[in-house]
Amino acid sequence: ELGWIKTLSDIFRLPEHRSDIISMDGFGEKSYNNLCESLENAKNTSLSALLVAMNISLLGKSAAKEIEDLFAGDVNEFLNKIDEGFCFTVIDGFGDTINDAIHSWFRNTENRKEFEELLGIITVQKWEKKEIDTDNMFFGKTVVITGTFEKYTRDELTEKLQAFALNEDNKLTS
């Protein structure tokens, strides 16, 4: 409505509108400070969260996590592979359609520009690749998360299950 946010990276520029924000109905200095703190915290993210935020066709949380795991969260390695024409069909469950969707999205000049602009603002966490224990009794198993849970959210359970190198599928709901 105010024209401040036209792209995803514009969200991180909201603090530039301090005087306008604190003068808005229902906002004040405390709300502005909370907004700034939340934006600062959001600047540290994962490759999978960034890919999901880009709204790439057919690329959901699980598929983005598979990509993140393949590249150990290294966004630069990911972009290099995109530029080299990497075939994502090597990832279990990825077919030509999702491979084409990813490459098509990154071939779009505006998309690529926005992605790279975000990389100048945020920090994408990466890690050292670790060996997966294929002797783990859960290795390669599929677990479907359904129902409600008292102690965990679905995302928390997904994270715990992925630590066991499971193929997580949370598409079913109760």
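Placed above this text is the structure.
Source: prediction; values computed, not measured.

Enquirer: Break down the overall build of the chain for me, with residues and values.
Expert: Within the chain one finds eight helices and four strands. Counting from the amino terminus, helix and strand elements in the chain follow one another as α-α-β-α-α-α-α-α-β-β-α-β. Taking as baseline every contact in the chain between residues at least 6 positions apart, the subset at least 24 positions apart corresponds to 58%. Carbon and sulfur atoms provide 49% of the accessible area of the chain, an area that totals close to 11500 Å².

Enquirer: Describe helix α5 (residues 75-83), listing the residues and the values that go with them.
Expert: Residues separated by three or four positions in an α-helix point in the same direction, a consequence of the helix having 3.6 residues per turn. Listed as buried for α5 are Val75, Phe78, Leu79 and Ile82. Buried residues of α5, viewed axially, fall in a sector of 95°; they line one side. You can read the cap of α5 off the contacts: a side-chain oxygen lies 3.0 Å from the backbone nitrogen of Asn76, and it is on Asp74. Immediately downstream of α5, the backbone of Gly85 shows phi near 80°, a positive value.

Enquirer: Run through the packing of α5 against helix α6 (residues 96-107), naming residues and quoting values.
Expert: The geometry of α5 relative to α6 is characterised by a closest axis approach of 10 Å and an angle of 95° between their N-to-C directions. Overall, the two elements α5 and α6 adopt an arrangement that is roughly perpendicular. Where α5 abuts α6, its residues Phe78, Leu79 and Ile82 lie against Ile102, His103 and Phe106. When its residues are assigned to classes, the contact of α5 with α6 shows five nonpolar, one polar and no charged.

Enquirer: Run through unusual backbone geometry, naming residues and quoting values.
Expert: One non-glycine residue with positive phi stands out, namely Asn55, at about 60°. For Asn55, the location among the structural elements is in the loop between α3 (47-53) and α4 (61-70). By relative accessible area, Asn55 is classed as exposed at 62%. Of note, Ala72 is a non-glycine position whose phi angle comes to about 50°, a positive value. The residue Ala72 is located in the loop between α4 and α5 in this model.

Enquirer: Outline α6, listing residues and values.
Expert: Helix length check: α6, at 12 residues, gives a terminal C-alpha distance of 16 Å against a target of 16 Å (1.5 Å per residue), a fit within 8%. Ile98, Asn99, Ala101, Ile102, His103, Trp105 and Phe106 are the residues of α6 that are buried. Its buried side turned inward, α6 meets α3, α4, α5 and α7 (109-119).

Enquirer: Just give me the short version of the pattern of salt bridges, but keep the residues and values in it.
Expert: Following the criterion strictly, the structure yields 11 salt bridges and no others. Lys65 is the partner of Glu68 in a salt bridge, and the nearest nitrogen-oxygen pair spans 3.0 Å. Here Glu68 pairs with Lys65, and both are found in helix α4, just three residues apart, close to one helical turn. Judged by its relative accessible area of 4%, Glu68 is buried. Overall, Lys65 belongs to the partly exposed group, its relative accessible area being 21%. Residues Asp83 and Arg112 are paired through a salt bridge, measuring 3.0 Å at the closest nitrogen-oxygen approach. Highlighted residues: Asp83 in helix α5 and Arg112 in helix α7, separated in sequence by 29 residues. Look at Arg112 and you get buried, because its relative accessible area is 15%. Each of the salt bridges in this network shares a partner with another, and the network as a whole consists of Asp10, Arg13 and Glu117.

So, how was this worked out
- Residues numbered from 1 in each chain as written.
- Predicted model: local features only at pLDDT ≥ 70, side-chain atom pairs only at ≥ 80, totals over all residues.
- Heavy atoms only, no water.
- Helix = DSSP H or I, 4+ residues; strand = E, 2+ residues; numbered from the N terminus.
- Contact = heavy atoms within 4.5 Å.
- Areas by Shrake-Rupley, 256 points an atom, 1.4 Å probe, with all protein chains shown as cover.
- Buried < 20%, exposed > 50% of the residue type's maximum accessible area, 1.4 Å probe, protein only.
- Arc of directions from axis to C-beta.
- Polar contact = N/O pair within 3.5 Å; in protein donor to acceptor, adjacent residues only side chain to side chain.
- Axes fitted to C-alpha atoms, helices over the stretch in contact; angles between N-to-C directions.
- Parallel < 35°, antiparallel > 145°, perpendicular 65-115°, else oblique.
- Nonpolar A, V, L, I, M, F, W, Y, C, P; charged D, E, K, R; others polar.
- Expected span 1.5 Å × (residues − 1).
- Salt bridge = Lys/Arg side-chain N within 4 Å of Asp/Glu carboxyl O.

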